[in-house]
Structures are given as C-alpha cells and as structure tokens.
Amino acid sequence: MNVIYLTTAMRDDDFRLLVHLANKKPNPAGQNFHNKIIRAISLKDDIQVYSIVPSFEHIVYEGNFEGKSVIDFFYFEAPKNRFKRYFSLAKTIAKTIEERFDYTQQSNTIIVYDSLNIYLAKAAVILSHKLGVKRIAILTDNPNNISGVTHAYVKKVIKLSHNADGFFSLSNSLIDLFNPHQRNFAITEGVVEPNPRSFPLYNKPYIYFGGALYIKYGVPALIAAYQMEKPDYDLLIAGHGPYEAEVRAAAFMNPRIVYLGQVGRAENYNYERHSSLNINPRRFNEDLDKNSIPSKMLEYLAAGQPILSTKQTRLMTLFPNDVNWIETGYNMIGIKRFFHDHLDARKKFINLKPNTSESNVLTKYGMEATSRAFHSLLSRVLHNDQRL
C-alpha cells in the first residue's frame, strides 16, 4: 500500500540541524513519536512524508533537505503571519501533493495525518476529496489537555477528524472522542525501539529525567525532593520548556544538578540506559491518565534500568512489578518519601524494584509490532473491512 503521511516530524539529521540552528527550540515529543511511526510503516508499505517544519524562523526552504534517506520527505515552511497560515497553508500543502501525486496508485493510497495539527487535518480533508482517497487520523492526545489552546481550536480539531475513514490511537478514550461513527481503528499505547548497548556519556552515578520542562510534568517536584533528601547521585535533566530558567538556576546553585539542554534521541537513550534511576515525576491527572501514556515511560521500560514513576493506570496493569510506583497523587511528597525509604545511610539506593520488562515492551510496542498493526489498519480501511 501507498501512504501519504502529513506531519511536523523530520528526518532525524534534519531535526538535529534545526535544533542546533533555531533560537526557539522545537519540542521533540512529536518528532520522536511520528518519526518512529513513519519508520514502522515503511517496513511494510511505501510512504511519502510531507512535513511542516516546526519552526517559524525560516531556517530551511520548501522542498527537500540535502542528504539521503530511504524515506522521501518534503518540507514546508509555515508563514509567520498567522492569517496567512490559517487561510493558505493547508491549500498549499494539498496543491503540492496533488501536483506530485501518481494517479496510477489511487486505489492503493491512504492519507495518514497528525490530527492535532489543524493545517495538516485541513490538508488531509482537501486531499481526500481531490484525490479520491481515504484518510486515517493519528490520535495522540485530547486537545483539551494541550496547554494554551482555545476552545475554538479544540472544537475544530475534533470536527476535522470525526469523519476520517480510520484512526490510529494511543487510547480507547481518544477513540470515543474522535470516532462517533465507529469506523476502523487500532490502538497502541506507544512505539519503542531497542535501546542499544553503549558506553556511558556521563561517568558518575546519576538519576535521570528527560522530557518537556513544565510544572505539570513534575520537574519542580523532582528538583525539590532531590534537594531535600540529597541522594548521593547527580541529577541529570534533559529537555526544554517554560521551566527551563528555573532548572538552569537550580543547576547553578547545586553542582550536583546538571542541566543537559535538549539532547538528541541517541543521547537520550544513552542517558536512560546508564542511569541508576529513571524518573517520571508527572503529576497524576485523571484526564491525562485515561488519554495517553507518557512516551518516556515506554523508553524507560526498554532501557532496562530501575524506574520511579507517578501513577499511570494502564502501565500499572501491564507492568506492575517492573516500576517503583508512587501511589500518592502528589508527586513531590511521593518522590521525597520514596527517596527517604530507599536510601541507606550513605545515601545510596536500596531495595529498588528491578526493571525486567525490556524484551516484553519491545515485543508489544516495538517497530515490527507497530508495523503489523498499522499495515492491518491500512488494509481494513482500504477494503472497508470493519473487523477489529
């Protein structure tokens, strides 16, 4: 089958270059997830990727970056002017793809798109009509959970996708929200790839957190608990976001807190692989809990190192004995209490639950499993087969 994939993800090398050049660093979360989905699809199906570069700094130009890839990427620069973006970007994407489309592949083609991006969702609707092909929406989160968006945005996101021909979702609750017509869907809690054996980038024992630097994701709670209990491990924090200045200040005041900035995927895997404890301090939230699983948790599970995490209902069912779960909903107290109960007199960790889930998580959520699940969904949508 032939997939036209609409996204803001880029080739890994291109994204690293963008991060290096951009003054405002793009969030790697969407990049990492969609890049893995793209590569998984490519294992069984042909795919062409059309991407809106996640930056308004006009660092790249429309078209392809230099460099080689087995997957064809085509990039669009979004206009800085929001009115131009709203009225022209989706049409520009659709027109470009229509001009490049091979109509001999019409009966075998499906559009796949990131449902949370209005411009991509609009382009998918236009293309579905113009090319006479079906479309599958990727559902990664409830738009109500996204910080700083308007009610109009939330309504528009849901409306643009509720007539899609199929859905690839991270949870049942997202299917309930986006799929009123009960069309074909597939659900996976995430996608992981093997964390390779490697030499450590950091040569002292450490605790690791990698992710977006937001208060709601528990970064201040982690720092506060660490400073109060003083484990004999450095605290490494990677990522960027609104709380970055506070993280930098904490690192300036305490030499054992190390702010790594935004790291690439390979570096992140390395830090996860060699950590004494990987931490997910995200504050428990019922809506977040039912809509998605923190992607870092699947990465942590695949890294084979001990994990400390706040509650996550689905993962607590799937991996009850591979994670040190914090039962309290208040993350700072829970992390502090865990440190207090699991540090000996020398402030070294004791009695940690080992993480033995590496092979299981790769079997369930690895690239091959994702490829099979997506190929099955593509086939069902293409042939109007409603079997799940």
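Structural data are supplied above this passage.
Numbering of residues starts from 1 in every chain and runs along the sequence as written. Local features are withheld for residues below a pLDDT of 70 in this predicted model, meaning they are given only at 70 or higher, and side-chain atom pairs are given and counted only at 80 or more; totals for whole chains, interfaces and linings count all residues. The basis for every side-chain value is the complete set of heavy atoms in the structure, and neither hydrogens nor water enter the calculation.

Focus on the side chain of threonine 188
Put simply, the test is: Every helix listed is a DSSP run of H or I at least four residues long, and every strand listed is a run of E at least two residues long, numbered separately from the N terminus. A 3.5 Å cut-off defines polar contacts: any pair of N or O atoms within that distance qualifies, except that in protein one atom must be a possible hydrogen donor and the other a possible acceptor, and neighbouring residues in sequence count only when both atoms are side-chain atoms. Contacts are assigned to residue pairs with any non-hydrogen atoms lying within 4.5 Å of each other.
Looking at where threonine 188 falls in the secondary structure, it is placed in the loop between strand 7 (184-187) and strand 8 (206-210). Among the polar contacts listed, one links the side chain of threonine 188 to the backbone oxygen of glycine 190, at a separation of 3.0 Å. Ignoring anything within four residues of it in the chain, the contact list for threonine 188 reads Phe168, Ser169, Leu170 and Tyr365.

Overview of a nonpolar patch on the surface
Stated precisely, the cut-off is as follows: Each patch is built from residues lacking any salt bridge and having more than 30% relative accessible area; the joining distance is 9 Å for like charges and 5 Å for nonpolar side chains (Val, Leu, Ile, Met, Phe, Trp, Tyr). Here the accessible surface of atoms and residues is derived via Shrake-Rupley with a 1.4 Å probe, and residues count as covered only by protein chains that are part of the display. Take a side-chain nitrogen of Lys or Arg and a carboxyl oxygen of Asp or Glu: if they are within 4 Å of each other, that pair is a salt bridge.
On the surface, Phe83, Tyr86 and Phe87 cluster together to form a nonpolar patch covering roughly 360 Å² of accessible area. By the secondary structure assignment, tyrosine 86 is in helix 3 (residues 82-100).

A few points about the side chain of asparagine 355
Checked against the element boundaries, asparagine 355 lands in the loop between helix 13 (331-341) and helix 14 (358-365). Within the local environment of asparagine 355, its side chain forms a polar contact with the backbone oxygen of tyrosine 300, the two atoms lying 3.1 Å apart. When sequence neighbours within four positions are dropped, the list of residues in contact with asparagine 355 reads Tyr300, Leu301, Gly304, Gln305, Pro306, Ile307 and Asp322.

Details of the pairing of strand 8
How we decide: Only protein chains enter the accessibility calculation, which uses a 1.4 Å probe; a residue whose area is less than 20% of its type maximum is buried, one above 50% is exposed, and one in between is partly exposed. When the strands point away from the viewer, a crossover counts as right-handed if the path from the first strand over the helix to the second runs clockwise. DSSP bridges decide pairing: two strands pair if at least two such bridges lie between them.
Burial within strand 8 is extensive, with five of its five residues counted as buried. The alternating pattern of strand 8 places Tyr206, Tyr208 and Gly210 and Ile207 and Phe209 on opposite faces, both of which are buried. In terms of handedness, the path from strand 8 via helix 7 (residues 219-229) over to strand 9 (residues 234-238) forms a crossover that is right-handed. In this structure, strand 8 lies alongside strand 11 (residues 277-280), joined through two bridges in parallel fashion. Directly across from isoleucine 207, in strand 11, lies its bridge partner leucine 277.

Here's the deal with the packing of aromatic side chains
What describes a pair of aromatic rings is the distance from one ring centre to the other and the angle between the planes of the rings. Counted only if it meets this: Stacked, tilted and edge-to-face pairs are distinguished by plane angle, under 30 degrees for stacked and over 60 for edge-to-face with tilted covering the rest, among Phe, Tyr and Trp rings (Trp via its six-membered ring) whose centres lie within 6.5 Å. The rule is short: NZ of Lys or CZ of Arg within 6 Å of the ring centre and within 35 degrees of the ring normal puts a charge over the ring.
Under the counting rule described, the total for this entry stands at twelve aromatic pairs. Aromatic pair tyrosine 214 and tyrosine 217: ring centres 5.4 Å apart, planes at 65°, arrangement edge-to-face. The structure contains a cluster of three or more aromatic residues connected by ring pairs, namely Tyr202, Tyr206, Tyr208 and Tyr271. Sitting over the ring of phenylalanine 83, arginine 82 keeps its end group 4.7 Å from the ring centre. Lying over the aromatic face of phenylalanine 284, lysine 311 brings its terminal NZ or CZ to 4.6 Å of the ring centre.

Regarding unusual backbone geometry
With phi around 55°, lysine 230 is a residue other than glycine that occupies positive phi space. Following the sequence through the fold, lysine 230 ends up in the loop between helix 7 and strand 9. The phi dihedral of asparagine 351 is positive, around 55°, even though this residue is not glycine. Within the element layout of this structure, asparagine 351 appears in the loop between helix 13 and helix 14. Looking at asparagine 351, the relative accessible area reads 64%, which means it is exposed.

Considerations on the pairing of strand 6 (residues 166-169)
Here strand 6 shows two buried faces, one formed by Gly166 and Phe168 and the other by Phe167 and Ser169. Both strand 5 (residues 134-139) and strand 6 contribute to a ladder of four bridges, which runs parallel. Across the sheet, the residue bridging to leucine 139 is serine 169, located in strand 6. Between the parallel pair strand 5 and strand 6, the chain is carried across by helix 5 (residues 151-161), and the sense of this crossover is right-handed.

What about the sheet that holds strand 5?
Rules: Angles run from 0 to 180 degrees between N-to-C directions of axes, and those axes are lines fitted to C-alpha atoms, restricted for helices to the stretch in contact.
Ordered in space as 3-2-1-4-5-6-7, the seven strands form an open sheet in which the pairing is parallel. Among the strands making up the open sheet, the edge pair consists of strand 3 (72-76) and strand 7. Averaged over all neighbouring strand pairs, the angle between strand axes comes to 20°, with direction disregarded. Across four bridges, the pairing between strand 6 and strand 7 is parallel. Paired with glycine 166 across the strands is asparagine 184, a residue of strand 7. The strands touched by helix 4 (residues 118-131) within the sheet are strand 1 (2-7), strand 2 (46-52), strand 4 (109-114) and strand 5, with strand 4 carrying the most contacts at an inclination of about 165°. Packed onto the sheet, helix 5 meets strand 4, strand 5 and strand 6 and runs at close to 140° relative to strand 5.

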